[in-house]
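Residue strings, one per chain:
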Amino acid sequence: MAGYNDWVKGRLELQKEPGFQAFTARLLPGAGNILGVRLPRLREMAKQLAEGDWRDYLLSACDDSYEETMLQGLVLGYAKGNLQEKRPYLQSFIPKINNWSVCDSTCSTLRLAKKQPEEMWGFLKPYLHSSHTYEARFALVQLLGYYVNAGFLSRTLTAIGEVRAEGYYAKMAQAWALSICYREFPEETLPYLKENQLDDFTHNKAIQKIQESQKVPKEKKRLALCLKR
């Protein structure tokens, strides 16, 4: 597909909604130049781009709007290719993430960890230790999406505790990840919940998310609530 950026900008211009732009801007403090295009529309565009020369698109893609950045993350998820093929493009893209929406939508679409769990774990480790909020969040959301299982639970719990990014959205991802571990493996996660070194804010947010979950039995919720600091 020739003229990627012209095509992208033209499609976005046709699909933007001023009312939705205002709504999205309230949800995403810090996100730049929001046009107001709904996520399902962006996914449709991303699938089309992923079917073409996605590498060429990513090399030339513009970052002029929130939607253009979102498209890059979605294309990386939808494009055919393994971690080795996508690695350089991911390494260029991840530092561009500056809001939870781009982060989480990319993570839900990028499923390399399902086919290459060990390789993807190795790729994520530097981001888990990053001081940048959204680099750490990207790694944590990958963990909670693909690594809360019997084979990785111990490593995942350890990794949650090793995150040092201080930003709000990194801490919220830590809490979210811990709550998913508890939801899926309450007996195995309970000792960690009792003895973790997380700061009080993150620890209590994890317990709050456990209480809000409809998938955690009441008796397990009560056990967790007793550990609130």
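In this text the structure is predicted, and so the values were computed from the model without any measurement. Along each chain, the written sequence defines residue order, and numbers are assigned to residues from 1. Reporting of local features is limited, given that this is a predicted model, to residues whose pLDDT is at least 70; pairs of side-chain atoms are given and counted only at 80 or more, and all residues count toward the totals for whole chains, interfaces and linings. To obtain the side-chain values, all non-hydrogen atoms of the structure were used and water was disregarded.

Participant: How do you make sense of empty space enclosed by the protein when you look at a structure like this?
Facilitator: The method is simple in principle: a probe with the dimensions of a water molecule rolls over the atoms, and the space it marks as empty is what remains. Using a grid of 1 Å spacing that covers the protein atoms alone, one calls a set of points a cavity when a 1.4 Å probe fits there but cannot get out, and a pocket when the set is open and has protein on both sides within 12 Å along at least five of seven lines; lining residues are those with an atom within 4 Å of a point. Grid points are joined across faces, edges and corners, and a volume is the space filled by probe spheres set on the points. Per the counting criterion, the structure on display carries one cavity of 30 Å³ or more. The computed volume of the largest cavity comes to approximately 30 Å³. Taken together, Asn-5, Val-8, Tyr-57, Ala-61, Cys-62, Glu-68 and Gln-72 make up the lining of the largest cavity. In this text, helices come from DSSP runs of H or I with a minimum length of four residues, and strands from runs of E with a minimum of two, each type numbered from the N-terminal end. Those elements that place two or more of their residues in the lining of the largest cavity are helix H1 (4-15) and helix H5 (66-78). Residues are grouped as follows: nonpolar covers Ala, Val, Leu, Ile, Met, Phe, Trp, Tyr, Cys and Pro; charged covers Asp, Glu, Lys and Arg; every other residue, Gly included, is treated as polar. Tallied by class, the residues present in the lining of the largest cavity amount to four nonpolar, two polar and one charged.

Participant: When you look at the layout of surface pockets in this model, what are you seeing that I'm missing?
Facilitator: Computed from the structure, the largest pocket encloses a volume of approximately 190 Å³. Every residue lining the largest pocket is listed: Gly-77, Ala-79, Gly-81, Asn-82, Lys-86, Thr-109, Leu-110, Arg-111, Leu-112, Lys-115 and Gln-116. Partitioned by chemical class, the residues of the lining of the largest pocket number three nonpolar, five polar and three charged.

Participant: Is there a simple way to think about the pattern of salt bridges in this case?
Facilitator: Pairing between side chains of opposite charge can happen when their charged atoms approach one another. A side-chain nitrogen of Lys or Arg and a carboxyl oxygen of Asp or Glu constitute a salt bridge if their distance falls within 4 Å. The final tally for this structure, using the stated rule, is 14 salt bridges. Among the salt bridges present, the one from Lys-9 reaches Asp-64, with a minimum N-O distance of 2.7 Å. Placement of Lys-9 in helix H1 and of Asp-64 in the loop between helix H4 (54-60) and H5 is noted, with a sequence separation of 55 residues between them. On the basis of relative accessible area, Asp-64 is assigned to the partly exposed category, the value being 45%. For Arg-41, the salt bridge is made with Glu-44, and the minimal N-O distance between the two is 3.9 Å. When a residue's accessible area, from a 1.4 Å probe over protein chains only, is under 20% of the maximum for its type it is buried; when over 50% it is exposed; and in between it is partly exposed.

Participant: Would you explain the side chain of Thr-156 in this entry?
Facilitator: Structurally, Thr-156 can be placed in helix H11 (residues 153-162). What makes two residues a contact is simply this: any of their non-hydrogen atoms within 4.5 Å. Those residues in contact with Thr-156, other than ones at most four positions away along the chain, are Trp-121, Leu-143, Tyr-147 and Cys-181.

Participant: Honestly, helix H14 (residues 200-212) in this entry has me stumped. Any pointers?
Facilitator: An α-helix turns once per 3.6 residues; consequently, residues spaced three or four apart project the same way. For H14, with 13 residues, the first-to-last C-alpha span of 18 Å sits near the 18 Å given by 1.5 Å per residue. Turning to H14, its buried residues are Thr-202, His-203, Asn-204, Ala-206, Ile-207 and Ile-210. Where H14 is buried, its residues touch helix H12 (168-184), helix H13 (186-195) and helix H15 (218-225). Side-chain atoms alone can form a polar contact between residues adjacent in sequence; in general such a contact is a pair of N or O atoms within 3.5 Å, and within protein one must be able to donate a hydrogen while the other accepts it. Residue Asp-199 occupies the N-cap position of H14, its side-chain oxygen lying 3.1 Å from the main-chain nitrogen of Phe-201. Between the first and last residue of a helix there are one fewer steps than residues, each counted as 1.5 Å, and that sum is the expected span.

Participant: Would you mind going over the packing of aromatic side chains with me for this structure?
Facilitator: Centre distance and the angle of the planes are the two values used to describe a pair of aromatic rings. Note on aromatic contacts: the rings of Phe and Tyr and the six-membered ring of Trp form a pair at centre separations within 6.5 Å, being stacked when their planes are under 30 degrees apart, edge-to-face when over 60 apart, and tilted otherwise. Enumeration according to the criterion identifies ten aromatic pairs in this entry. With a centroid separation of 5.4 Å and 50 degrees between ring planes, the pair formed by Phe-123 and Tyr-127 is classed as tilted. On the criterion of helical spacing, the pair formed by Phe-123 and Tyr-127 is a turn pair, its members being four residues apart in helix H9 (residues 117-128). Per residue, the accessibility class of Phe-123 equals that of Tyr-127, and both read buried.

Participant: What is the right way to look at unusual backbone geometry in this model?
Facilitator: The bulk of non-glycine residues show a negative phi, and the bulk of peptide bonds are trans. A positive phi angle, near 45 degrees, is found at Asn-33, a position not held by glycine. Here Asn-33 is to be found in the loop between helix H2 (18-27) and helix H3 (39-51).

Participant: Is there a simple way to explain the packing of H5 against helix H7 (residues 100-109) in this structure?
Facilitator: In helix packing, the relevant descriptors are the interaxial angle and the interaxial distance, both defined with respect to the helix axes. Their axes nearest at 8 Å, the elements H5 and H7 cross at an angle of 15 degrees. By the angle between their axes, H5 is roughly parallel relative to H7. The two elements H5 and H7 meet at a crossing, and its hand is right-handed. Contacts between H5 and H7 pair Tyr-66, Thr-69, Met-70, Gly-73, Leu-74, Gly-77 and Tyr-78 from the former with Ser-101, Val-102, Ser-105, Thr-106 and Thr-109 from the latter. Taken together, the residues that form the contact of H5 with H7 break down as five nonpolar, seven polar and no charged. All axes are obtained by fitting lines to C-alpha atoms, using only the stretch in contact for helices, and the reported angles, taken between N-to-C directions, cover 0 to 180 degrees. Should an angle fall under 35 degrees it is called roughly parallel, over 145 degrees roughly antiparallel, and 65 to 115 degrees roughly perpendicular, with every other angle called oblique. Here a crossing is taken to be left-handed if its near helix is turned anticlockwise relative to the far helix by less than a right angle, and right-handed if that turn runs clockwise.

Participant: Even after reading the chapter, I still don't get H15, so can you show me in this structure?
Facilitator: Listed as buried for H15 are Lys-220, Lys-221 and Ala-224. For H15, the arc enclosing every buried residue in end-on projection is 105 degrees, short of the 170-degree limit, so these residues lie on one face. Among the exposed residues of H15, those pointing more than 90 degrees away from its buried face are Lys-218 and Arg-222. Contacts made by the buried residues of H15 are with H12, H13 and H14. Arc definition: it is the arc formed by the directions from the helix axis to the C-beta atoms.

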